[in-house]
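Analysis of the macromolecular model
The residues making up each chain are set out below.
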Amino acid sequence: MSDGIREVAPVRMRVSDIKEAAYNPRTISAKMMEHLKASIAEHGLVLNLVVQKKADDGTENILIGGHQRLRAMRELCASRGWVQPSEAWATVLDVD
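Here's a quick rundown of the structure. Note that this is a predicted model, so its numbers are computed, not measured. (Residues numbered from 1 in each chain as written. Predicted model: local features only at pLDDT ≥ 70, side-chain atom pairs only at ≥ 80, totals over all residues. Heavy atoms only, no water.)

Here's the deal with the overall build of the protein
The number of helices and strands found in the protein is two helices and five strands. Ordered by position from the N terminus, the helices and strands of the protein form the series β-β-α-β-β-α-β. Reported as C-alpha extents along the three principal axes, the dimensions of the protein are approximately 45 × 30 × 25 Å. Buried positions account for 28% of the 96 residues belonging to the protein. Sequence separation of 24 or more characterises 73% of the internal contacts of the protein that already satisfy a separation of 6 or more. Each charge class in the protein was averaged separately, 13 positive and 13 negative side chains, and the resulting centres sit 6 Å apart. (Helix = DSSP H or I, 4+ residues; strand = E, 2+ residues; numbered from the N terminus. Buried < 20%, exposed > 50% of the residue type's maximum accessible area, 1.4 Å probe, protein only. Contact = heavy atoms within 4.5 Å. Lys, Arg positive; Asp, Glu negative; His and termini not counted. Charge placed at Lys NZ, Arg CZ, Asp CG, Glu CD.)

The structure is reproduced here in structure tokens:
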């Protein structure tokens with residue numbers, strides 16, 4: 001793009017390759033988690049997960065956006081007897 005803004009294309013990632021960040025500060029109430037699960041059941045994962053390509057310690061594929069969505073998806077599949085998705089759309093960023 002001529003305005004200097006770089007586009008980042010989402011990629012399909014194996015969910016098993018994504019590592020949740022231990023420092024995730026966000027939490028949601030049980031009620032909000034149920035709403036999130038209902039939304040995912042109806043619409044799927046509408047927003048991409050956001051993954052850090054490589055952390056300073058060398059760890060790769062750290063989830064930095066979408067912890068609650070990933071947790072909701074896993075819990076929803078487990079509670080309904082659905083197969084856990086093996087892949088999800090992710091935006092992978094090379095950031096600190």
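Further notes follow.
Things to note about the sheet that holds strand 2 (residues 19-20)
Spatial ordering of the open sheet is given by 1-5-3-4-2, a layout of five strands whose pairing is mixed. Two strands lie at the open edges of the sheet, namely strand 1 (11-14) and strand 2, each paired on one side alone. Alignment of strand 3 (residues 49-54) against strand 4 (residues 60-65), held across four bridges, turns out to be antiparallel. Within strand 4, the position partnered with Val51 by the bridge is Leu63. On the sheet, helix 2 (residues 67-80) packs against strand 2, strand 3 and strand 4 and is oriented at approximately 100° with respect to strand 4. (Pairing = 2+ DSSP bridges. Axes fitted to C-alpha atoms, helices over the stretch in contact; angles between N-to-C directions.)

A short note on unusual backbone geometry
Generally, phi is negative for residues other than glycine and the peptide bonds are trans, each holding for most cases. One non-glycine residue with positive phi stands out, namely Asn61, at about 60°. Looking at the element boundaries, Asn61 is found in strand 4. Taking the relative accessible area as the measure of exposure, Asn61 reaches 18% and is therefore buried.

Regarding a negative patch on the surface
Taken together, the side chains of Asp56, Asp57, Asp94 and Asp96 present a region of like negative charge at the surface. Under the relative-accessibility criterion, Asp94 is labelled exposed at 63%. (Patch = residues over 30% accessible without salt bridge, like charges linked within 9 Å, V, L, I, M, F, W, Y side chains within 5 Å. Areas by Shrake-Rupley, 256 points an atom, 1.4 Å probe, with all protein chains shown as cover. Salt bridge = Lys/Arg side-chain N within 4 Å of Asp/Glu carboxyl O.)

Here's the deal with the nonpolar core
Core analysis: the largest hydrophobic core is formed by 11 residues, namely Met13, Val15, Ile18, Leu49, Val51, Leu63, Leu70, Met73, Cys77, Ala88 and Ala90. The dominant element in this core, judged by the number of residues it contributes, is helix 2, at three residues. Residues in contact with Met13, not counting those within four places in the same chain, are Ile18, Val51, Asn61, Ser86, Glu87, Ala88, Ala90 and Val92. (Core = buried A, V, L, I, M, F, W, Y, C linked by side-chain atoms within 4.5 Å.)

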